[in-house]
Every structure is written in C-alpha cells, then in structure tokens.
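Structural overview
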Amino acid sequence: MNVPLLDLKAQYATLKNELDEALIKTAESQYFILGPEVVKLEENICEYLGAKSAIGVSSGTDALLLALMGLDVGPGDEVICPTYSFFATAGVVSRLNAVPVFVDSDPVTFNMDPKEIEAKITDKTKVIIPVHLYGQSADMDPIMEIAKKHNLKVVEDGAQAIGVQYKDGKSVGTIGDIGCFSFFPSKNLGCFGDGGMVVTMDKELGEKLRVLRVHGGKPKYYHSMIGGNFRLDAIQAAVLNVKLPHLDSWSAKRRENAELYTKLFVEAGLAEGVGETELSENNKVLLPKAIYKPSNHSSMQSSGSSNYHIYNQFIIRVEKRDELKQFLLDNGVMCEIYYPVPFHKQGCFTELPSSKDAYPVADKAADHSLALPIYSELTDEQIKYVVDTIAKFINS
Ligand SMILES: *Cc1c(COP(=O)(O)O)cnc(C)c1O
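Residues numbered from 1 in each chain as written. Predicted model: local features only at pLDDT ≥ 70, side-chain atom pairs only at ≥ 80, totals over all residues. Heavy atoms only, no water.

A separate point is the sheet that holds strand 3 (residues 99-103). Taken in spatial order, the 7 strands line up as 1-7-6-5-4-2-3 in an open sheet, and their pairing is mixed. Strands at the two margins of the open sheet, each flanked by one partner only, are strand 1 (53-57) and strand 3. Recorded for the sheet is a direction-independent mean angle of 25° between the axes of neighbouring strands. As judged from the 2 bridges shared by strand 4 (residues 125-128) and strand 5 (residues 153-157), these two strands associate in the parallel manner. (Pairing = 2+ DSSP bridges. Helix = DSSP H or I, 4+ residues; strand = E, 2+ residues; numbered from the N terminus. Axes fitted to C-alpha atoms, helices over the stretch in contact; angles between N-to-C directions.)

Shown next as structure tokens:
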C-alpha cells in the first residue's frame, strides 16, 4: 500500500469546480496583485480569528519579517524564540541584524518552554516569538505575563496553527501583539503557491504593517518608512477564499485521524497513551498530546477530542528513528523529520552566544521525532497500514 505524507490532489478533487472558477475569474479580471480578493480574504480572516486587522502577505516568512519590522526590531536587538522550529522563525531575526536567543522546548508539546524564557532576558531583549508547533498552541498565559513584566512585544508564529484555540477559546495569532500565518501548500490552509497573513488586535499597528507591505510608501512613492514588497497575489487570495470555509472540517478530520492512530498504537502494545515523554519497554512509541481545552469553539463539536490541536503534523518519537524512517519509505509510507537540526546546532548560528547553552529537550526531539501522514483525506485502512508497518519494524 502507498501512503503519501500529504495528498493535495485528493483535497483539490473535492473543491475542483469552485477552485477552477476562482482561477478563471482571476484570469479574466487580470487583477493580479492585492485588490478585491485580498481585501475579502483579509475580512474573512479577521472574522474567522476574531482579529481587528489582517494584512495579506507574500509568505509566512515575510509575515514574520514584516511583523518584526513593524515592531522596529533592528541591529543589536535580541529576540527570544524556541530552538526547535522551522528555520524561518529565527532566520528573519538575523536578516534584520538582530540576535536570535534560543530557549528549550517543553517535553510534551515541543513548544517553547515558558520556564526557560526569563533566564534569557537582557536589557537588549525586545520581542518573544512563541511558535505554535505542529498545530497546537504554545502556553501563552505565562509567555504574555513575562512579556508584560519585562515590557516585551510578542509575535506569534502561527504558520502551522491557523484556527487553533488556546485555553480561553482565543485564536492563536490574536493573543500576542502580532500573529503570523503561512498559506504554504502543506499547511492546514494552503494556497497554490506562497502566501501568508499578519494579524493584530491593534488597528494602528495594523495600518503601519499595511504600509510596510508596500515598501513603506504612503501615499504611494512617498516614504517615511522603509518596508518591502510583501504583497499577496490576488490568485492566492481567490483560492483561499474558497478553501477557508472548509478549514475547520479538515482540521477536525485530522483530529479524528490522530485519535485512530493513538487507539491503534495502544492496541498494538507500543504505547500506554498520549503525552509520555520517556521511551521505555511499555512506550516504544511516544504519542503527541493535545493539551489545551478552550471553553468555547463551535468546530470542536464535530470531533471526539475535547482538547484543541489541528495536527498540521502528527509527530511520534521512537528509538531507532532513522532506521524506522527508511523501513517505512521502503514499505510505501512517506514520512519526514521535523526537524533534524535545532537552531543552536545550525551552521549559520554557531557564533551566537545562546548556541553555546544546553537544550536537552530539543536535542532529543531532533533525534527521535518522525512525522507520519495525517492529512484529512487519509483512509482508516492507510492509518492501520502505517501502524502495522511500524509494529512490524519494532517487533522484528
Ligand atoms: C512554514 C513555516 C514558516 C514559513 O512559512 P512560509 O510560508 O513557508 O514562508 C514559518 N514558521 C513555521 C513554524 C513554519 O512551519
């Protein structure tokens, strides 16, 4: 049996008519950059997330870059971020000649461990970037408390987490000062190329970000600020306007798939349950755990799970990870390592002071984690085959 890591053609097939119509309408309009479809998407995202301003941008990476520019992050400023994330989270900091300062991860969620933050704060610290990794909220209450105490800004990297709720039912991206999202095709809400969104609850800051998106020109050709070209294409917005109403049901299906994986791994005797953090005789596979239980969220009714996680990735941890990965690939199951190298071990960051600190949780995660297929259109038979194949490897 073949199990792809992601099957975008399967999702496209379910919405082909509407998507094709949106593409043709864009072609007929010959309106390509920003414009009415982008404005409509920004309104839809504001409504969906409960944000005050939304600014469509060229990618998730540019969303982060724009957010930091909007907060005037520059040379010498320090920005605290997790050491375990996709490269863009720290890369954008260095591109502004600011200094990324890393913190270790929580052993259950792999998100930034709030207990590790305060030790890294100096008089140069300006921003904290929590990442909602794999589709689950970082623990925002303590992060916001620390930010308030030390007068720091918070930029949420929600690239993997659009529509995720934290404890109180607030959407991630609307808790800190600025929220950033990516519409890269492999995210839960993906477009037909690169795209992203910046959101904020501060309308004035939103207007500043909107101007920075177009080189900082307001009016056009008059520059009191230096921005960039961070514009979203009309064609991507048109695709996203078709897809957005389906996002919650896709995420609910991912949660169902996660529940089935969990049930099957437990039945196979490979795990005792979710959220274990140590590999052992009874836990040869460590399973992800959804932690936060929002008080109100309508889309949760369609799922058996009471805690909120949208499983952009379903990450297990195993002892012989590289061998298992090869065995799965040999047997038709596509899988991937997110991420093999934490920031403190990246060649481009070796000279950073915080790269010399210890990050035992992230190091272990990098050695043991493996992403299994979790996309909405996956069948129960495919999930069963993945678990059977893993059981075969571990029991052999
Ligand atoms: C995907 C991703 C990004 C970057 O988004 P792009 O649209 O690919 O530029 C940033 N941060 C995280 C955590 C991501 O997963």
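There's plenty left to go through after this.
Taken together, 15 residues sit near the ligand, with Gly 60, Thr 61, Gln 160, Ser 182 and Lys 187 positioned nearest. Here an oxygen atom of the ligand and a side-chain polar atom of Thr 61 are 2.5 Å apart. Gln 160 is positioned such that a nitrogen or oxygen atom in its side chain is 2.8 Å from an oxygen atom of the ligand. Of all the secondary-structure elements, those providing two or more residues to the shell around the ligand are helix 3 (60-70) and helix 4 (88-95). Looking at the shell around the ligand element by element, the count peaks at 3 residues for helix 3. When its residues are assigned to classes, the shell around the ligand shows 6 nonpolar, 7 polar and 2 charged. (Near = heavy atom within 4 Å. Polar contact = N/O pair within 3.5 Å; in protein donor to acceptor, adjacent residues only side chain to side chain. Nonpolar A, V, L, I, M, F, W, Y, C, P; charged D, E, K, R; others polar.)

Within the structure shown, the criterion is met by 19 salt bridges. In this structure, Asp 113 and Lys 115 form a salt bridge, with 3.3 Å as the shortest nitrogen-oxygen distance. The class for Asp 113 is buried, based on a relative accessible area of 7%. Ionic pairing is found between Lys 284 and Glu 281, a salt bridge with its closest N-O pair at 3.0 Å. (Salt bridge = Lys/Arg side-chain N within 4 Å of Asp/Glu carboxyl O. Buried < 20%, exposed > 50% of the residue type's maximum accessible area, 1.4 Å probe, protein only.)

If you trace the backbone, Asp 113 turns up in the loop between strand 3 and strand 4. Residues Asp 113 and Phe 32 lie 81 residues apart in sequence; the distance between their C-alpha atoms is 42 Å. In contact with Asp 113, not counting residues within four places along its chain, are Asp 104, Ser 105 and Asp 106. (Contact = heavy atoms within 4.5 Å.)

The next point concerns the pairing of strand 3. With respect to burial, strand 3 is a largely interior element, 4 of its 5 residues being buried. Here strand 2 (residues 78-82) runs beside strand 3; their pairing, made up of 5 bridges, is parallel. Bridge pairing in strand 3 links Pro 82 to Val 103. Considered for its hand, the β-α-β crossover made up of strand 2, helix 4 and strand 3 is right-handed. (Right-handed = clockwise from strand over helix to strand, strands pointing away.)

All right, on to the sheet that holds strand 8 (residues 285-286) then. Taken in spatial order, the 3 strands make up an open sheet running 8-9-10, and their pairing is antiparallel. Two strands in the sheet have a free side with no partner beyond their single neighbour: strand 8 and strand 10 (369-372). In the sheet, strand 8 pairs with strand 9 (residues 314-318) via 2 bridges, with the strands oriented antiparallel. By the bridge assignment for strand 9, Val 285 is matched with Val 318.

When we look at burial in helix 10 (residues 360-368), the residues that qualify are Ala 362, Ala 365, Ala 366 and His 368. Next to the buried residues of helix 10 lie strand 9, helix 9 (321-330) and strand 10.

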